[in-house]
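Structural characterization, general
Each chain is listed here by its residues.
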Amino acid sequence: MIKEKIYCKIRRRYVALTPEETVRQHTVSILNESFHYPLTRFSLEAQINVGQMQKRYDIVIYDSERKPFMLVECKAQTVPITDKTISQATAYNLTLNAKYILLTNGVTTIILRKTSQGYIQQKTIPNLK
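A quick note: this is a predicted structure, and the numbers were derived from the prediction, not measured. Position numbers for residues start from 1 in each chain and track the written sequence from start to end. Reporting of local features is limited, given that this is a predicted model, to residues whose pLDDT is at least 70; pairs of side-chain atoms are given and counted only at 80 or more, and all residues count toward the totals for whole chains, interfaces and linings. For the side-chain quantities, the full set of heavy atoms in the structure was used; hydrogens and water were omitted.

1. Remarks on helix α1 (residues 19-33)
Here α1 contains 15 residues, and its C-alpha end-to-end distance of 21 Å stays within 8% of the 21 Å for a straight helix at 1.5 Å per residue. Buried residues of α1: Glu-21, Val-23, Arg-24, Gln-25, Thr-27, Val-28, Leu-31 and Asn-32, and no others. On its buried side, α1 packs onto β1 (5-8), β2 (13-16), β3 (42-44), β6 (59-62), β7 (68-74) and β8 (100-104). Put simply, DSSP H or I for four residues or longer makes a helix, DSSP E for two residues or longer makes a strand, and each gets a number counted from the N terminus. Here, expected helix span is obtained from the residue count minus one, scaled by 1.5 Å. Exposure classes here rest on a 1.4 Å probe applied to the protein chains alone. A residue is buried below 20% of its type maximum, exposed above 50%, and partly exposed in between. The contact criterion used throughout is that any non-hydrogen atoms of two residues lie within 4.5 Å.

2. With respect to the pattern of salt bridges
The rule for a salt bridge is simple: a side-chain nitrogen of Lys or Arg has to be within 4 Å of a carboxyl oxygen of Asp or Glu. This structure, assessed with the given rule, holds eight salt bridges. The partner of Glu-20 in a salt bridge is Arg-24, and the shortest N-O contact between them spans 3.1 Å. Of this pair, Glu-20 and Arg-24 both sit in helix α1, four residues apart, which is roughly one turn of that helix. By relative accessible area, which is 3% here, Arg-24 ends up buried. The salt bridge involving Lys-67 is made with Glu-65; its shortest N-O contact spans 3.5 Å. Linked through salt bridges whose partners overlap, the residues forming this network are Arg-11, Glu-20, Glu-21, Arg-24, Glu-45 and Asp-58.

What follows is the structure in structure tokens.
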């Protein structure tokens, strides 16, 4: 059985077109085309250490100083964004220390800004510095 694939501009190769990958590629396109985030600032599905465990994030966008600016957690459209999703992303961000977290399933999107007291939800996607 041949699986459907999509070309990923960031990874510069074809990847399996899973429901989560559909959301990931759509999110990259929106952030690049509508919010002018340069493709050179994106990293997709790289491995990080979270505590003693190795995990893979969906998307990290870096600022002009190559520091993590935004962590993006993508879920398939049929997977709701829940407290568990938020906990997963904030745990990943203990390692990354990005200023923003964006969680999306392509239908629902939540944007969190990191503060000294925790995270605050905000309504708009921030401008990349």
